[in-house]
Amino acid sequence: MPSETELAVNAWESLFRSQVSLMRRFAADDIWDPIGMREYDVLFTLSTSPDRRLRLRRLNDEILLSQPSLSRMCDRLEAMGYVVREHDPSDKRGTVICLTDAGAQLQTSIGRKHAARIRRYVGDALNTDELRTLDSLCTKLRLAQNDIREHS
C-alpha cells in the first residue's frame, strides 16, 4: 500500500503531466494569431480584472504562464494597440496596464476558439461529474496553499 508521500507525489505527477500535455496541445493550436499564447494570457487576465486594468506587478502575479519579461511583452502589446500604460494615480512610481477596446475584441475572438479547444481536449476526456470533481479538487488544492506551512 502506498504511503501518503507516494500518493501525494503520484497525484502531483499526474496533475503536472496532464497540464504539460494540454499546454503543448494548446500551444500547437493555430488560433493565436496575431499574438501568442503568452500574450493572450495577459489580455485574458486584464479582461477579467476590475475596469480591465492591473498594476504591472499584480499582472505578473496573476498571469498563468511564467513571464519574466512581462514589461517587454506589454511594450509589444502596446505597440499593437491592445494595451496602454498609465501611471498609477495612487503611486506615481507604479505602472498600470489597461486593456484597450481592440485588445478586448481580440481576447474575445481568440477566447471563443480557445474555449472550443478546451471543450474538446478536456470536456471530451472527462464526463460532467468528473469535470466538477476536477474543478473542485484543483480549487481546493490552490486555496489550501496559503494555510500550509513550509517544512525543512
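As a reminder, the structure under discussion sits directly above these lines.
In terms of helices and strands, the chain carries six helices and three strands. Listed N to C, the secondary structure of the chain is α-α-β-α-α-β-β-α-α in terms of helices and strands. In terms of its C-alpha atoms, the chain occupies a principal-axis envelope of roughly 55 × 40 × 25 Å. Taken over 152 residues, the chain has a buried fraction of 30%. Taking the intrachain contacts of the chain between residues at least 6 apart in sequence as the baseline, contacts between residues at least 24 apart amount to 55%.

Moving on, we get to the sheet that holds strand β1 (residues 53–55). Pairing within the open sheet is antiparallel, and its three strands lie in the order β1-β3-β2. A strand with exactly one partner marks an edge of an open sheet, and here the two such strands are β1 and β2 (83–88). Between one strand axis and the next, the sheet turns through 30 degrees on average, direction left out of account. Strand direction decides the pairing type here: β1 and strand β3 (residues 91–99), joined by three bridges, are antiparallel. Along β3, the bridge assignment pairs Arg 55 with Val 96. The strands touched by helix α4 (residues 70–79) are β2 and β3; relative to β2, the strand with the most contacts, the crossing angle is about 120 degrees.

For the rest of this paragraph, the subject is the packing of helix α1 (residues 4–28) against helix α5 (residues 101–123). Between α1 and α5, whose axes approach to 11 Å, the crossing angle comes to 140 degrees. On the basis of the axis angle, α1 is oblique to α5. As for how α1 packs across α5, the hand of that crossing is right-handed. When α1 is examined against α5, the residues Leu 22, Arg 25 and Phe 26 are found in contact with a partner set consisting of His 114, Arg 117, Ile 118, Tyr 121 and Val 122. Broken down by class, the residue content of the contact of α1 with α5 amounts to five nonpolar, one polar and two charged.

Reading the values: rules and limits
Residues numbered from 1 in each chain as written. Predicted model: local features only at pLDDT ≥ 70, side-chain atom pairs only at ≥ 80, totals over all residues. Heavy atoms only, no water. Helix = DSSP H or I, 4+ residues; strand = E, 2+ residues; numbered from the N terminus. Buried < 20%, exposed > 50% of the residue type's maximum accessible area, 1.4 Å probe, protein only. Contact = heavy atoms within 4.5 Å. Pairing = 2+ DSSP bridges. Axes fitted to C-alpha atoms, helices over the stretch in contact; angles between N-to-C directions. Parallel < 35°, antiparallel > 145°, perpendicular 65-115°, else oblique. Left-handed = near helix turned anticlockwise from the far one by under 90°. Nonpolar A, V, L, I, M, F, W, Y, C, P; charged D, E, K, R; others polar.

Functional significance is not addressed by these values, which are geometric in nature.
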